[in-house]
Amino acid sequence: MTIVPRLRATLLASCLAAFCAAPAWSCSTALVLAIDVSNSIDAGEYRIQADGLAEALLDPAVREALVTGEVALTVVQWSGRGSQQVVFPWVRMQTDADVLALADRASRMKRAFIMSDTAVGDIIRFSLPLFAEVPDCARRVIDISGDGTDNAGTDPQSARRQAEVMNVQINGLAIEGMGLSITNFFRRHVITRNGFVMTSRGHQSYAETLKRKIRREVSQVMF
């Protein structure tokens, strides 16, 4: 074999090896939905968030996006230092029935914590190890909703850096009263470089904002 054919054969073998080594993703996105239940969320506002999650999952466009991408989704409630809880473990959105079942569970979701601080850094640190349970997902996203700035626990910027090292995207849903203080807090201290923030004007528009946010998160599929 001459040098040129031998080189071509070597290059072809290398290309085939690289192709075979590429991961076969069975899931486009692993999405952690982290819901704020800190002291600033009263009973009525919590109910709006739970019903808003159910309503968002029932949206036809959201359902289609989740099933098309075979998204893995888990729901976590969070508040102050050491107060984070997985309320729905990872669910694979493989059929319309899977999404409808999760929406039904969300409508009956109980509150995990009351009377606690707001530890945004802690919910990031709590969420990161959860992705080890869904290693076949191409993207990993933490979706944090909240109506207050950080006042306890781990520095959110330090936690954000850890997320970036792990190639995890953090997005924010800021529930605003007046102004854009929560939105700006998320932009400056919480979301990753490839993340984004959407703003809900009060809790009443939470469901509609969450619909748009989930559609955006699960449509940004990059292999």
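The rules behind each value
Residues numbered from 1 in each chain as written. Predicted model: local features only at pLDDT ≥ 70, side-chain atom pairs only at ≥ 80, totals over all residues. Heavy atoms only, no water. Helix = DSSP H or I, 4+ residues; strand = E, 2+ residues; numbered from the N terminus. Buried < 20%, exposed > 50% of the residue type's maximum accessible area, 1.4 Å probe, protein only. Contact = heavy atoms within 4.5 Å. Areas by Shrake-Rupley, 256 points an atom, 1.4 Å probe, with all protein chains shown as cover. pLDDT = per-residue confidence, 0-100. Pairing = 2+ DSSP bridges. Axes fitted to C-alpha atoms, helices over the stretch in contact; angles between N-to-C directions. Salt bridge = Lys/Arg side-chain N within 4 Å of Asp/Glu carboxyl O. Core = buried A, V, L, I, M, F, W, Y, C linked by side-chain atoms within 4.5 Å.

Each helix and strand in the protein was counted, giving eight helices and six strands. Secondary structure elements of the protein, listed N to C terminal, follow the sequence α-β-α-α-β-β-α-α-β-α-β-α-β-α. By residue count, 49% of the 223 residues in the protein fall in the buried class. Pairs at least 24 apart in sequence give 78% of the contacts found in the protein among residues at least 6 apart. Total accessible area on the protein stands at roughly 10,600 Å², and carbon and sulfur atoms take up 57% of it.

Once that is clear, we can look at the confidence of the model for the protein. When pLDDT is low, close inspection of the predicted coordinates is not appropriate. Per-residue pLDDT for the protein averages 86, and the proportion of residues at 70 or more is 87%. Scored below 50 in pLDDT, residues 14–22 makes zero contacts in the model with residues more than four places away or belonging to other chains.

An order of E3-E2-E1-E4-E5-E6 is seen for the six strands of this open sheet, with the pairing classed as mixed. Bordering the open sheet on either side are strand E3 (84–92) and strand E6 (197–201), each of which pairs with just one other strand. Ignoring which end each strand starts from, the neighbouring axes of this sheet average 15° apart. Taken together, the eight bridges between strand E1 (residues 27–36) and strand E4 (residues 137–146) define a ladder with parallel strand orientation. Each residue of the ladder has a partner; that of Cys27, found in E4, is Cys137. Helix H2 (residues 43–58) contacts E1, strand E2 (72–78), E4 and strand E5 (169–176) of the sheet and is inclined by roughly 165° relative to E1.

Before going further, it helps to spend a moment on the pairing of E1. Among the 10 residues that make up E1, 10 are buried, leaving the element largely enclosed by the rest of the structure. Of the pairings in the sheet, the one linking E1 to E2 comprises seven bridges and is parallel in character. When the sheet's bridge partners are listed, Asp36 is paired in E2 with Trp78.

A separate point is the pattern of salt bridges. Counted by the stated rule, this structure contains 10 salt bridges. Taking the shortest distance from any N to any O, the salt bridge between Asp143 and Lys213 comes out at 2.6 Å. One end of the pair, Asp143, is in strand E4; the other, Lys213, is in helix H8 (residues 206–219), and 70 residues separate them in sequence. Accessibility expressed as a relative area gives 2% for Asp143, which makes it buried. Since its relative accessible area comes to 0%, Lys213 is described here as buried.

Positive phi outside glycine occurs at Glu70, with the angle close to 45°. Along the chain, the position of Glu70 falls in the loop between helix H3 (60–68) and E2. Taking relative accessible area as the criterion, Glu70 reaches 34% and is therefore assigned partly exposed. Unlike most non-glycine residues, Asn167 shows phi in positive territory, near 60°. Here Asn167 is to be found in the loop between helix H6 (156–165) and E5.

Assignment of secondary structure puts Ile175 in strand E5. Residue class for Ile175 comes out buried when judged on its relative accessible area of 3%. For the pair Ile175 and Ser200, spaced 25 residues apart in sequence, the C-alpha separation works out to 4.8 Å. Not counting chain neighbours up to four residues away, the residues in contact with Ile175 comprise Gln49, Gly146, Asp147, Ile182, Ser200, Gly202, His203 and Tyr206.

The biggest cluster of nonpolar side chains holds 33 residues, and the ones touching the most others in it are Leu53, Leu66, Val75, Met109 and Ile214. Put simply, the parts of the chain that give this core at least two residues each are E1, H2, H3, E2, E3, helix H4 (96–107), E5 and H8. Looking at this core, the element that brings in the most residues is H2, giving six residues. With sequence-adjacent residues up to four places away left out, Ile214 is seen in contact with Leu33, Ala56, Val62 and Leu66. Among the nonpolar cores identified, the runner-up in size contains 29 residues, and Val32, Val120, Ala159 and Val197 belong to it.

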